[in-house]
Amino acid sequence: MDILKYIYAAAMMLLLTGCYTEFEPEIKDKPVLCMNSLIDAGEPFCVSLTHTFLYTDTNRADVTVKDAVVKLYVNGSYKEDLQYREENSINYYGEEVVNRGYYSTYEPKEEDVIRLEASHSTYGDATAEVTVPKHVDIESIQWNAPEEEIIDFYTPIQGYVHGKVFSMNMFVNFTDPAADTNYYKVKWDAIKPDSFYDDADNEDSDDENSDSDDEPFINTIFWLSGFDNEVDPIFSEFIDAFENIMGSDSFGYTLFSDRTISGQRYPLHLSFSNVRYSRSCNEDFNNPDIYDAKIVITLQSISESFYKWYLYCWTKDDSFMGSLSDIGLTDNYTAYSNVSTHAGVVAATASYDYILDISDFIRDGIIK
Amino acid sequence: MAVQAQNVTVNIKNQRAESAFATIMQQTGKNFVYSADLLKGLKVSVTANNEPLKSVLNRMFANTPVTYKIKGKNVVLMARPVEKVAETKTIKSYSISGFVREEGTQEAIVGAVVKDKYTGYSTFTNANGFYSLTLPQGKAFLEVEFSGYDPYITGDFPLTANKQIDIHLTESKLLDEVVVIESRNRRIAMQSADMGAFNLSQDEIKKTPVIFGEPDVVKSLQLQPGVSAGIEGFAGMYVHGGNADENLYMLDNIPLYQVNHFAGLFSAFNVDALRNVDFYKSSFPAKYDGRLSSFMDVHTKDGSLESHHGSAKLGLTSGAFNINGPISKGRTSYSLALRRSWYDILTIPTFAIINATVADDDKFSLGYAFMDINAKINHRFNDRSSGYVMFYYGDDYLRGSSEDGTTMEYWYEKDKTNLHWGNVVASAGWKYIFSPKIYGEVTGAFSRYYSSMKTDMYEEIISDNVVTNTARDIKQIKNNINDVILRADFDWRPTTAHRVNFGIGYTRHNFLPSKLYKSTQVDNYFSEYSDDALTYNANEANAYIGDDWNINAKLRANIGLHYSMFEIDSKRNSGLSPRFSLRYAPIPTLALKAGYSRAYQYVHQLFSSNISLPTDQWVPITKDFKPQNSDKVSLGAYYTLNNEYTFSVEGYYKWMRNLVDYRDEYYLYPGKVWDSRLTTGKGTSKGIDFKVSKELGAFTGHLAYSLLWADRTFAEKNGGVTYPARFDNRHKINVVLNYRINDKWEINAAWTGMSGNRFTFSTYSWSDPEFTFNGDNSYYYFTEDTNMYQGINNYRLPFYHRLDLGFTRYNKHGYWNFSLYNAYCNMNTIAYRQGWNEKQGRPIYQKLHLLPIIPSVSYTWIF
C-alpha cells in the first residue's frame, strides 16, 4: 500500500492550514482549434476537430468544429482536403456512438511524414505533424506455464466444462532498430474458437454464446488476466526512483521506449497470473479440434507523441506529483500536445501481430 | 535670573565628558557646544573644590584630543590641533594589529572600525575580529567603535615598532541615541565599495517577528529589498530574480546544501549559535563564488573565555538550549547550541486519541521532528595563533505508520514510511597572525548532505491464529553528497590603503543524485534490487584575490578575481570571475557606487514542487551541461542624513546563462537517466532597490521598496518563448519597525506587501483524444477534459501582504516573546487550481490560501 503519498499530502495540508476559495480569473486567451487523430499505418484515418473551452463552462454545446478546412500533406506534398462526416460506431463499452471528424481517403504508409493543417474562420489555424513509425517484427515468443490446474466438471446449467486455469510467462523477442529513438506499446488478446480477432478486448475476454437448452451449444471462456507490470522493468522505466518509492506504479501502462535496449534484441517479459481457457457444452466432447486456443500479441510501434501523451496521462492521474498538483502545491499539470495551438494530439502507430497457438497445451490433460 | 558662579565644584572619575558638562552647566549657566563626533569614547577625570572654570577645564581636557574656548555663555569644544611630525624623507611605518573582542566573553567583533586619530587612517575588523593598521612612526591614538558597544580609545602612545594591541569593547549600557556612533550597515553603505552588502547580528535577527516565534536568519533577510520570500511562510530566498538554489549558505566558511527544516518553514540556522551574518546580493567580494545570486556567510559564536553563559528557550513548537563558556579560562572555550521541534511529541497524544476511537484494525501514526546541533571548541595557543573544531548536525524526519487487520483472523498489514534528510558538517580551523600585516585561516572540513525516503510494507496471512504466509516489500531512495573541503584564506594589509584578501580552496565532491533499493520477501523467497545509479566524483578548486583599495578620502575600489575549476565525468569546466566595485564620495554624506560581478555555479537543485521537499535533489552539472554563470552590473547612491538615517538606491541588471531546469514534459524520460530530463536556458533580471533605514536608537527599522523584472528563456520550454520567472515580484515593500519602549518592553513589527508570484495556470480545456478506446488492454480510460497548456507562469497571484508583530518582555532572568504571524489574518493566495464545487456539482477555479493568524509564545531563560 502506497501510504506515503497520503501521509505526505496529509502532512502538507495539516501543516499549511490552508483553505480553498472560488474565484473568477481574468481570462486572457480565446478558444482555439483542438486536433486529435490516431493514424494507423495502412488505414485511412479520421481527424477530430474541436475547439477549446473554459474549464468551468458546463453549459457548452457540442465543441465539434464541422466547418473547418483540413488539409493533408504527406512527406511535404499536398495530398487532399479531408472531408467531414459523421459515422455511427460501437465503442469500447458496446455503446453506439457517433464519430464526427474529417476523414482521409489516403492510407498512410510507414515512415510517411503526415502534416495536418486545419483552419477555421473563428478558431484560427492549427497544424500538427507526425511520422508514421515503422513496425517491428516479433521474431519469436517463448512461453511456459509454471502453474496449471485442469478444469473438468459438469453442472446442469453449464454442462460439461473442460479447460485449464494457469499462470503464463511469455518472452516476446524482437530487435529494436538502432537508428532512431523508438517507442512501443504491447497489447494482447485471446482469440476464442468460433471467433475471430476483432481488436475489441485483449484482457478479460469471455464470450458465452448460450443457445437454448435443447440445442447443442459450446460456450467458451478465454482470458488473460493478472498481468504483472513489474516483472519486466522496462514497463516502469519512466517512473523515477522518487515516484517509485512514493508508491506510484505502471499498472495498466504497457508502453516503453528503446532507451535501454537501443539496437538490441530484447526478450520482453509478459507475465500473467491468471489465464483461463474453458469450453462448456451440453455433450461431453473429447474432440481435440474444439480446443483451439490462440493468443495474439501485438507489438505496436508508436509515435513519440503517442508515448508522451500516455506519460502525461500517467503523471496527471497516477503520479505523486500529480497528487501535489491536485492540492495546489505544484503548478497545474497541463497536457502534452504536438498541435500548434497546444490542444490535441496527433499520433501514429504501426503494428505487428504474432499469433501464439497454445492449443496443444490446453488439450494436454483434457483429452482423455 | 540667578547669578551663576564661575567657580566649579566637581568630582568625576573616568566618566563620560557629558556627565561633567551637566554638573558644570548647572553651576555656571554655561552651555557646552560641540559636535557629537568629538566626544566619542572620551572619558575624563577631574576633582575640584570651588575652583575657577578655566582651571577645571584645563585639567579635564589635558591629555585628550579636545580643547576649548569660552565664548560668552558658551564653552565651545574643538579638536586639539595635531602636533605635526616633522617630515623627513625616510619616515618609517609600523603596523598596529590585533583583535577587537567583546569584554568578558572574548567573542570576536566583526566590522568594528579602528581609526588613528592623528592620521585619520582607519580600517575595520574582519570576520575573526582581526585588524591591522600601518601608520607612520611617531605617535598614535586609536579610536575603536562598534554599534552597541562603548567606544574605546587607547590614548596617545609612541609608535616606534610594530605593535599588537588587542582591544576589548564593553557592551553599552546607554541607549544608542546618546552615544552617536556609526552603525555597521551605514559604514558598509557609506564607506565601503561593496554594494548590496548587509550585516545582521544575532540581536537583529531575534528582533524580526516570524512564524511560531522562531527567529530565522533567512526570514530576516527576506525583509531586505531585492529578496523575495517565495512561498508564504517558508524560508525560501530568491534574490534579484534568481532561483532558490542560487544562494550560497556558508557556516563558518563551509557550504551547506540543506538549509531548511520542516519543508522550508524554518531555516537550518539556530540563531542562538550565531554571532553574525554577512550577506551579499549585488557586488560579490572575490572570496565568494559557486552561486549566481547571493552569498550568506554565517559566523558562529566561539564561546566565552571568561565565564559560562547560556539560555534555554521553551516555545510552542520547539525548544532550544545553548551554553558557552571557558574550558580553560582565557585559552579554551566551548559553545553548544541545541534545538529540537516538538511536533512529534505533540502528535503522540493526538494519534493515541484518534486510534482509541477507531476500530482495532485501523491504526495510524505520523511524526515529524527537526533538530540541529551546533558545537564548537575554540582554543588560543598564543596571542597570534588559535584553532577551533566545529560540528553541525541538522536533521529532519517524517515518519508514518499504519496497521490494518489486527482484529481480522486472516490478514494483517503494517506499513511504515520514513523520510530523513539533513546535513552534517565537521570542520577544524587554524587561525594565525603570520605578521602584523597578514592574518590567515586554514580550514579543513567534511560535509555530508543526505536525503532518504524509505517505505516498508509487511503483510501476514493468519489462519487459526497461526501465521501461514508473510510478505515484505522495502523500497528506499537516497540522494547524498559528501564533500571534503580544504581551504586557506588570508587577510593581508600591506598598507593602510590596501586590504587584500586572497585564498585557495579545494573540494572533493561525491554525488549520488538518486539511488533506488528494493527488496521483496514472500515467505522464503527473497529478492533485492539496487539500481546502477551513477555516483559522480568531482574535483572543485578555486583561487581568489581581491583588494579593497582606499584610494583617497573620496574614492575607494574593490577589485578582485575568482578562478574556479570543476572537473566531473572527465570533463573540466573552469571560470574566471572578475569582481569590481567603486565608491566615490563627493561629500561625506553621499556615496556613489558602481559594481560588476561574474559568478559560476557548478551544482544545482532540482525542485519538484513549490515548497522545499527532501525530494529536491542536489545534482552536479555533468558533461552534457555547461556551468551556470551570470554577469551583474549595479549602480547605487547612498546618503546619510543627520547621522541618523541612511538612504540607498541600487539598480542592477543581471544576465544568467546555462540555467538548468526540467523540460516542459520532464516526465518523459526514464528515472535512471536523471539528467536527460533537464534542459538549459538563460534569464535576465533587472530592478531597483530603495531603502531608508535607521539603525541606532530606541526606535529603529527600515522602509524598503523593490522593483523587479525577471524572465527565463529556454529553447525547450514554453516553445522557446521568453516567460516571466516564478518570483518575478514586480513591486515589493517592506516596513520593519523596532521600538524599545524601556528596559522591559520592546515591540517589533514587519509588514510585507508584494506583487504575487507567477503561476502556471490553465483556464481552458480540450477534448481528450480517447486513444485508449482504440483496442487497448490498459486498465484506465479517460472521460475527463484535458488542461490546456497556456504558457509557463502565465498568471500572477494576487497582491501579497502580511503584518507580523512581536512583543518582548524582559525580566531579571530572561524574556518572554509573544508574536503574531499574519496579525490581521490576511490569508494570502499561494496557488490556483481547477477544483470542483461539491454542493453544486460544477467545476470551479479555486485559490489556495495559506496560513491564517498564528499566535505564539516562548520564554527564554538566560543564565
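What you see is a predicted model; the values in this text were computed from it and never measured. (Residues numbered from 1 in each chain as written. Chains lettered and ligands numbered in written order. Predicted model: local features only at pLDDT ≥ 70, side-chain atom pairs only at ≥ 80, totals over all residues. Heavy atoms only, no water.)

> Mind laying out the overall build of chain B, listing which residues take part and the relevant values?
When its secondary structure is counted, chain B shows six helices and 54 strands. Radius of gyration (C-alpha) of chain B: 31 Å, near the 29 Å computed for a compact globule of 863 residues. Seen through its C-alpha atoms, chain B measures out along the principal axes to roughly 110 × 60 × 55 Å. The burial tally for chain B puts 58% of its 863 residues in the buried class. Across chain B, contacts joining residues at least 24 apart in sequence account for 65% of those joining residues at least 6 apart. For chain B, the accessible area works out to roughly 34200 Å², and carbon and sulfur atoms hold 57% of it. Both charge centroids of chain B, one from 92 positive and one from 87 negative side chains, sit 11 Å from each other. (Helix = DSSP H or I, 4+ residues; strand = E, 2+ residues; numbered from the N terminus. Rg over C-alpha atoms; globule rule 2.2 N^0.38 Å. Buried < 20%, exposed > 50% of the residue type's maximum accessible area, 1.4 Å probe, protein only. Contact = heavy atoms within 4.5 Å. Areas by Shrake-Rupley, 256 points an atom, 1.4 Å probe, with all protein chains shown as cover. Lys, Arg positive; Asp, Glu negative; His and termini not counted. Charge placed at Lys NZ, Arg CZ, Asp CG, Glu CD.)

> Pulling in residues and values, what's your account of the pattern of salt bridges?
Pairing is possible between side chains that carry opposite charge, provided their charged atoms lie close to one another. All names here are of chain B. In this structure the tally under the stated criterion is 41 salt bridges over all chains. Where lysine 206 meets aspartate 272, a salt bridge forms, and the shortest distance between an N and an O atom there is 3.1 Å. One end of the pair, lysine 206, is in helix α4 (residues 202–207); the other, aspartate 272, is in the loop between β20 (266–267) and β21 (274–280), with 66 residues separating them in the sequence. The exposure class of lysine 206 is partly exposed, given its relative accessible area of 26%. For aspartate 272, a relative accessible area of 10% puts it in the buried group. Measuring nitrogen to oxygen at the nearest pair gives 2.9 Å for the salt bridge that ties arginine 493 to aspartate 491. Here the two residues arginine 493 and aspartate 491 agree in accessibility, since each one is buried. (Salt bridge = Lys/Arg side-chain N within 4 Å of Asp/Glu carboxyl O.)

> So what's going on with the packing of helix α1 (residues 17–28) of chain B against helix α2 (residues 53–61) of chain B? Residues and values would help.
Residue and element names in this part refer to chain B. One way to put it is that α1 packs onto α2 with a least axis distance of 12 Å and a crossing angle of 175 degrees. Between α1 and α2, the crossing angle belongs to the class labelled roughly antiparallel. Contact with α1, carried on its side by Ala20, Phe21, Ile24 and Thr28, involves Leu53, Leu57, Met60 and Phe61 of α2 and no other residues of that element. Classifying every residue of the contact of α1 with α2 gives seven nonpolar, one polar and no charged. (Axes fitted to C-alpha atoms, helices over the stretch in contact; angles between N-to-C directions. Parallel < 35°, antiparallel > 145°, perpendicular 65-115°, else oblique. Nonpolar A, V, L, I, M, F, W, Y, C, P; charged D, E, K, R; others polar.)

> Now, about the sheet that holds strand β47 (residues 764–766) of chain B: what can you tell me, with residues and values included?
Taken in spatial order, the three strands of this open sheet run β4(A)-β47(B)-β48(B), and their pairing is antiparallel. Only two strands of the sheet have a single neighbouring strand rather than two, namely β4 (53–54) of chain A together with β48 (786–787) of chain B. Where β4(A) meets β47(B), two bridges bridge the pair, whose relative direction is antiparallel. The residue bridging A:Phe53 from the neighbouring strand is B:Ser765, located in β47(B). (Pairing = 2+ DSSP bridges.)

> Before we move on, can you summarise the sheet that holds strand β4 (residues 66–71) of chain B with the specific residues and values?
All names here are of chain B. If you walk across this open sheet you meet the three strands as β2-β5-β4, and the pairing is mixed. Unpaired on one side and paired on the other, β2 (31–33) and β4 mark the two borders of the sheet. Shown here is a sheet whose adjacent strand axes are inclined to one another by a mean of 25 degrees, direction ignored. Where β2 lies against strand β5 (residues 74–79), three bridges are found, and the strand directions are parallel. Following the sheet pairing, valine 33 is matched in β5 by valine 76.

> How would you sum up the packing of aromatic side chains? Please name residues and give values.
What the rule picks out here adds up to 59 aromatic pairs over all chains. Consider the rings of B:Phe99 and B:Phe130, whose centres lie 5.8 Å apart with planes at 65 degrees: the pair is edge-to-face. Of this pair, B:Phe99 sits in strand β6 (residues 93–102) while B:Phe130 sits in strand β9 (residues 130–136); the two residues are 31 residues apart in sequence, bridging distant segments of the chain. For the pair B:Phe99 and B:Phe130, a shared accessibility class is recorded, and that class is buried. Each member of the aromatic cluster is reached from another via a ring pair, and the members are A:Phe174, A:Tyr184, A:Trp188, A:Phe227, A:Phe235, A:Phe256, A:Tyr266 and A:Phe272. Seen from the ring of B:Trp709, B:Lys686 lies directly overhead, with NZ or CZ sitting 5.7 Å from the centre. A cation sits over an aromatic face here: B:Arg833 above A:Tyr20, 3.8 Å from the ring centre. (Phe/Tyr/Trp six-rings, centres within 6.5 Å; stacked < 30°, edge-to-face > 60°. Lys NZ or Arg CZ within 6 Å of the ring centre and 35° of its normal.)

> Tell me about helix α3 (residues 304–318) of chain A, and name the residues and values.
Residues and elements named next belong to chain A. Between the first and last C-alpha of α3 there are 20 Å, a value that for 15 residues agrees with the 21 Å anticipated at 1.5 Å per step. By the criterion of burial, α3 is predominantly enclosed, with 12 of the 15 residues buried. Turning to α3, its buried residues number three or more, namely Ser305, Phe306, Tyr307, Lys308, Trp309, Tyr310, Leu311, Tyr312, Cys313, Trp314, Thr315 and Lys316. (Expected span 1.5 Å × (residues − 1).)

> Let's hear about the nonpolar core: which residues, and what values?
Membership of the largest hydrophobic core comes to 38 residues, with the highest contact counts inside it found for A:Met170, A:Leu268, A:Leu270 and A:Ile297. The residues touching A:Ile297, leaving out its near neighbours within four places in the chain, are A:Ile138, A:Ile141, A:Met170, A:Val172, A:Val186, A:Lys187, A:Trp188, A:Leu270, A:Tyr352, A:Asp353 and A:Tyr354. B:Tyr238, B:Phe351, B:Tyr368 and B:Leu850 belong to the second largest nonpolar core, which has 35 residues in total. (Core = buried A, V, L, I, M, F, W, Y, C linked by side-chain atoms within 4.5 Å.)

> Which residues make up the confidence of the model for chain A, and what values do they have?
Per-residue confidence for chain A averages 84 on the pLDDT scale, and 86% of its residues sit at or above 70. Low confidence marks residues 195–212 of chain A, where pLDDT is under 50. Its contacts with residues over four positions away, or in another chain, come to 50 contacts. (pLDDT = per-residue confidence, 0-100.)

> Describe α2(B), and please don't skip the residues or the numbers.
Residues and elements named next belong to chain B. Those residues of α2 lying buried are Leu53, Val56, Leu57, Met60 and Phe61. The arc that holds the buried residues of α2, viewed along the axis, is 115 degrees, so those residues lie on one side. Next to the buried residues of α2 lie β1 (7–16), α1, β2, β3 (43–52), β4 and β5. Residue asparagine 63 follows α2 closely and has a positive phi angle near 60 degrees. (Arc of directions from axis to C-beta.)

> Go over a nonpolar patch on the surface with me, naming the residues and quoting the values.
Residue and element names in this part refer to chain B. Together, Phe699, Leu737, Tyr739, Ile741, Trp745, Ile747, Trp816 and Phe818 make up a nonpolar patch on the protein surface, roughly 690 Å² of accessible area in all. Those elements that place two or more of their residues in the nonpolar patch are β44 (731–740), β45 (745–754) and β51 (814–821). Within the fold, tryptophan 816 resides in strand β51. Given a relative accessible area of 38%, tryptophan 816 falls into the partly exposed group. (Patch = residues over 30% accessible without salt bridge, like charges linked within 9 Å, V, L, I, M, F, W, Y side chains within 5 Å.)

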